[in-house]
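Understanding the architecture of this molecule
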Amino acid sequence: MSVKNLVVMSTGRGKEKKSMIGIIGAMSVEMEAIKGLMDNKQDTVISGITFTTGQIHGKDVVAAVCGIGKVFAGMCTQTMILKFAPKQIINVGVAGTLTKDLGIADIAIADNMVEHDMDTSAIGDPVGLISGINIIEIPCDEALVSTIENCVKSLSFNTKRGTIASGDQFVADKAKKEYIVNQFGAIACEMEGAAIGQVCYVNKVPFAVIRAISDSADNQSHMDYPEFVKIASANSTKVMEKLITML
Ligand code: SAH
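Residues numbered from 1 in each chain as written. Predicted model: local features only at pLDDT ≥ 70, side-chain atom pairs only at ≥ 80, totals over all residues. Heavy atoms only, no water.

**Focus on the nonpolar core**
Worth spelling out the cut-off: Nonpolar core, defined: a set of buried Ala, Val, Leu, Ile, Met, Phe, Trp, Tyr and Cys residues in which side-chain atoms within 4.5 Å join the residues together. Exposure is judged per residue with a 1.4 Å probe applied to protein chains only, and the accessible area is read against the type maximum: over 50% gives exposed, under 20% gives buried, and values in between give partly exposed. The contact criterion used is simple: two residues touch if any of their non-hydrogen atoms lie within 4.5 Å.
Counting 65 residues, the largest nonpolar core has Ile23 and Phe51 as the members making the most contacts within it. Leave out the neighbours within four places in its chain, and isoleucine 23 touches Met31, Ile34, Val61, Val62, Ala63, Ala64, Met80, Ile90, Val92, Met240 and Ile244.

**Digging into the side chain of aspartate 224**
For the record, the criterion: In this description a helix means any DSSP run of H or I spanning at least four residues, a strand means any run of E spanning at least two, and both kinds are numbered starting from the N terminus. A residue counts as positive if it is Lys or Arg and as negative if it is Asp or Glu; His and the chain ends are not included. We count a salt bridge whenever a side-chain nitrogen from Lys or Arg sits within 4 Å of a carboxyl oxygen from Asp or Glu.
Note on placement: aspartate 224 falls in helix H7 (residues 221-246). Buried and unpaired, aspartate 224 has no salt bridge, with lysine 177 as the nearest side chain of opposite charge at 8.0 Å. Aspartate 224 has contacts with Ile104, Ser214, Asp215 and Ser216, leaving out every residue within four places of it along the chain.

**Some details on the pairing of strand S9 (residues 186-190)**
Filter applied, for reference: When DSSP finds two or more bridges between two strands, those strands count as paired.
For S9, a buried count of five out of five residues is recorded, marking the element as mostly surrounded by other parts of the structure. Judged from the two bridges that link them, strand S5 (residues 88-97) and S9 form a sheet pairing that is antiparallel. Bridged to threonine 97 within S9 is alanine 188. Note: strand S8 (residues 159-166) against S9, four bridges, orientation parallel. Opposite isoleucine 164, over in S9, you have alanine 188 as the bridge partner.

**A short note on the environment of isoleucine 187**
Looking at where isoleucine 187 falls in the secondary structure, it is placed in strand S9. A relative accessible area of 6% places isoleucine 187 in the buried class. When sequence neighbours within four positions are dropped, the list of residues in contact with isoleucine 187 reads Gly96, Thr97, Leu98, Thr99, Leu102, Ala108, Ile109, Lys160, Arg161, Gly162, Thr163 and Ile164.

**Concerning the site of the ligand**
In plain terms, the rule: Proximity is defined per residue: any heavy atom of the residue falling within 4 Å of a molecule or strand makes that residue near it. Here a polar contact means two N or O atoms within 3.5 Å. Within protein one must be a hydrogen donor candidate and the other an acceptor candidate, and residues neighboring in sequence count only if both atoms are side-chain atoms. The protein chains shown are the only cover counted for residues, whose accessible areas, like all others here, come from Shrake-Rupley with a 1.4 Å probe.
Taken together, 18 residues sit near the ligand, with Val171, Met191, Glu192, Arg211 and Asp215 positioned nearest. Between valine 171 and the ligand, the recorded distance is 2.8 Å, taken from a backbone N or O atom to a nitrogen atom. Aspartate 215 places a polar side-chain atom, nitrogen or oxygen, 2.6 Å from a nitrogen atom of the ligand. Considering the ligand on its own, with 580 Å² of exposed area, one finds that the protein chains cover 76% of that surface.

**Concerning the environment of glutamate 30**
By secondary structure assignment, the location of glutamate 30 is in helix H2 (residues 28-36). In sequence terms glutamate 30 and tyrosine 225 are 195 residues apart; their C-alpha atoms lie 13 Å from each other. Here alanine 26 takes part through its backbone nitrogen, which lies 3.0 Å from a polar atom of the side chain of glutamate 30. A polar contact is formed between the side chain of glutamate 30 and the backbone nitrogen of valine 94, at a distance of 2.9 Å.

**Focus on helix H3 (residues 70-84)**
The line we're drawing: In a helix, the anticipated span is given by 1.5 Å times the number of residues less one.
With 15 residues, H3 extends 21 Å between its outermost C-alpha atoms, agreeing within 8% with the 21 Å of an ideal straight helix rising 1.5 Å per residue. All of the buried residues in H3 are Lys70, Ala73, Gly74, Cys76, Thr77, Thr79, Met80, Ile81 and Phe84. Just beyond H3, the residue with positive phi is alanine 85, at close to 45°.

Given below as structure tokens:
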């Protein structure tokens, strides 16, 4: 095979990969229905995470269940970027509400993400500062967020845009909830989105986070969550399916 042929082949592959939409959810319950929509499914397992490629409504997609928390989410995102080069990454799933404007099964859309458990303030940094990139709020892709908002409104879901806070903790406490609201002005809390955002930010990959509300993130949430996680996941899937047709 000539060198010229090799160059042409590698350029062609690169272009094909860049068209993929990356979708990450933390749990199977958030991702099974999305994977169920995929044609020509092919699985690749890397570091215990299954990356499924295929098409949804004719669009190339790579989807993965990353696991719970910021470490698994970061691992999954970096691997997805290196192996599949998605043009954008969207995190879908469930979250606790931090605002009266969002009830069970409503949709929170992130303008930006914060890590509520990142805190080096004891040595003079602002609370939540992510050292190295030196920001507190990780911005989501504006164009993608607008498309998501149009998509969610077209499905008639109640929705709100704002800051979503991630941390390695299931928030089930009124005082903790108030702390996150007062410190970061967040509208919802979960455990992965900001890690996905941080990895996308350093790799310059556009990203967005869509979360359906599964619980109230207060002393009631350990009761709400098991009851509502399925209906919330179903709603985030509905948004994701429609969104794919709009991208
Ligand atoms: N052992 C359980 C853990 C679930 S943790 C399991 O493996 O299923 C809850 C998940 O839902 C996380 O992925 C998180 O992103 C989201 N979540 C929903 N409500 C939350 C809340 N109140 N606080 C933090 N994360 C929440």
